[in-house]
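# Residue-level structural notes
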Amino acid sequence: TATDFRVSDVDAEQSGGFAHSQDKHSILTIENTTIKNARGLTGGVVSVENGASIIMKQIAMDTCLARDNGGIAYTSGYGSRIELNKITAHTLKALQSGGIGCAINGSTLLITDSTFDDMLANTGGSLYSRDSETTIRLKKSTMTKSFAYKMGGGIHSKDGSKIVLDETTWNNLSVICS
């Protein structure tokens, strides 16, 4: 568990600009933290795989970039899970998919009581999901200014993945060109 700290100007050559968790028994909790200028290849801030979990609560983020997928979060692999709860984040970009997050290969991304604005990705300006065992769930959250260059100004879902929206507000979604 990591609590009450400030992170600035972090960059991972590979996964998770700030944190990466890998192993079905690994659970990392990050609380009451400010993160600014985080970059990574997959998961500008955090990434998980192989059944690991990361839980983020009461986090403020600004300027997060994934050079591939998941501006904040990237989760891959059956049982892998990222939870974003009470997040406030601005200026989130993924050069490929999911300005906020990318969930693939049977993983789960849960977002609750959060506010995001100014998201950009090639596909899925805010969120990208793929595969029938993959789930993204948004509850009581607001997304504002979400853009995609190709498909899904807000969400791009494919191959039977599940997207559940509950009390979620979207404002100003666009596909820039198609």
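Report on the accompanying structure.

Calculation notes
Residues numbered from 1 in each chain as written. Predicted model: local features only at pLDDT ≥ 70, side-chain atom pairs only at ≥ 80, totals over all residues. Heavy atoms only, no water. Helix = DSSP H or I, 4+ residues; strand = E, 2+ residues; numbered from the N terminus. Rg over C-alpha atoms; globule rule 2.2 N^0.38 Å. Buried < 20%, exposed > 50% of the residue type's maximum accessible area, 1.4 Å probe, protein only. Contact = heavy atoms within 4.5 Å. Areas by Shrake-Rupley, 256 points an atom, 1.4 Å probe, with all protein chains shown as cover. Core = buried A, V, L, I, M, F, W, Y, C linked by side-chain atoms within 4.5 Å. Phe/Tyr/Trp six-rings, centres within 6.5 Å; stacked < 30°, edge-to-face > 60°. Pairing = 2+ DSSP bridges. Axes fitted to C-alpha atoms, helices over the stretch in contact; angles between N-to-C directions.

### Observations concerning the overall build of the chain
When helices and strands are tallied, the chain shows zero helices and 16 strands. In summary, the chain has a C-alpha radius of gyration of 14 Å against a globular reference of 16 Å for 178 residues, a match within 12%. Overall, the chain is about 40 × 35 × 30 Å in size when its C-alpha atoms are taken along their principal axes. Here the chain, with 178 residues, has 51% of them falling under the buried criterion. If you take every contact in the chain between residues at least 6 apart in sequence, the share linking residues at least 24 apart comes to 85%. About 7600 Å² of surface is accessible on the chain, with carbon and sulfur atoms providing 45% of the total.

### Comments concerning the nonpolar core
Within the largest apolar cluster, 32 residues are counted, with the highest numbers of intra-cluster contacts made by Met56, Met61, Ile72, Leu84, Ile100 and Phe116. Residue assignment for this core shows that the elements contributing at least two residues are β1 (2-15), β3 (27-42), β4 (46-49), β5 (53-66), β7 (81-97), β9 (108-112), β10 (115-123) and β12 (135-139). Non-local contacts of Phe116, meaning those with residues more than four positions away in its chain, are made with Ile72, Leu84, Ile87, Ala89, Leu92, Ile100, Ile111, Thr142, Met143 and Thr144.

### What about unusual backbone geometry?
Backbone geometry places Asn32, a non-glycine residue, at a positive phi of 45°. The topology assignment puts Asn32 in strand β3.

### A look at the environment of Val46
Position of Val46 among the secondary structure elements: in strand β4. Put simply, Val46 and Ile111 are 65 residues apart on the chain and 14 Å apart in space, counted from C-alpha to C-alpha. If near-sequence neighbours (up to four positions away) are discounted, Val46 is found in contact with Gly16, Ala19, Ile30, Ile54, Met56, Ile72, Ala73, Tyr74 and Ile82.

### Section: the packing of aromatic side chains
Applying the stated criterion across every chain, the model contains one aromatic pair. For the ring pair Phe5 and Phe18, a centre distance of 5.8 Å and an interplane angle of 40° mean the geometry is tilted. Residue Phe5 is found in strand β1, and its partner Phe18 is found in the loop between β1 and β2 (19-22); the two are separated by 13 residues along the sequence. Given the relative accessible area of 22%, Phe5 is considered partly exposed. A relative accessible area of 25% means that Phe18 is categorised as partly exposed.

### A short note on the pairing of β5
One ladder, built from 12 bridges, connects β3 with β5; its direction is parallel. Bridge pairing links Thr29 to Ile55 in β5. For β5 and β7, the ladder comprises 12 bridges, and the chain directions are parallel. Note that in β7 the partner of Ala66 across the bridge is Ala94.

### Quick word on the environment of Ile100
By the secondary structure assignment, Ile100 is in the loop between β7 and β8 (101-104). When its relative accessible area of 0% is taken as the criterion, Ile100 is described as buried. Linking Ile100 and Ala73, residues 27 residues apart in sequence, is a C-alpha distance of 6.5 Å.

### Side note on the sheet that holds strand β11 (residues 127-130)
Pairing in this open sheet of six strands is parallel, and the strands run β2-β4-β6-β8-β11-β14 from one edge to the other. Edge positions in the open sheet fall to β2 and β14 (155-158), since each of these has one partner strand only. Averaged over all adjacent pairs, the angle separating strand axes in this sheet is 5°, with direction ignored. As paired elements, β4 and strand β6 (residues 73-76) share four bridges and run parallel to each other. Bridging from a neighbouring strand, Glu49 pairs with Ser76 of β6.

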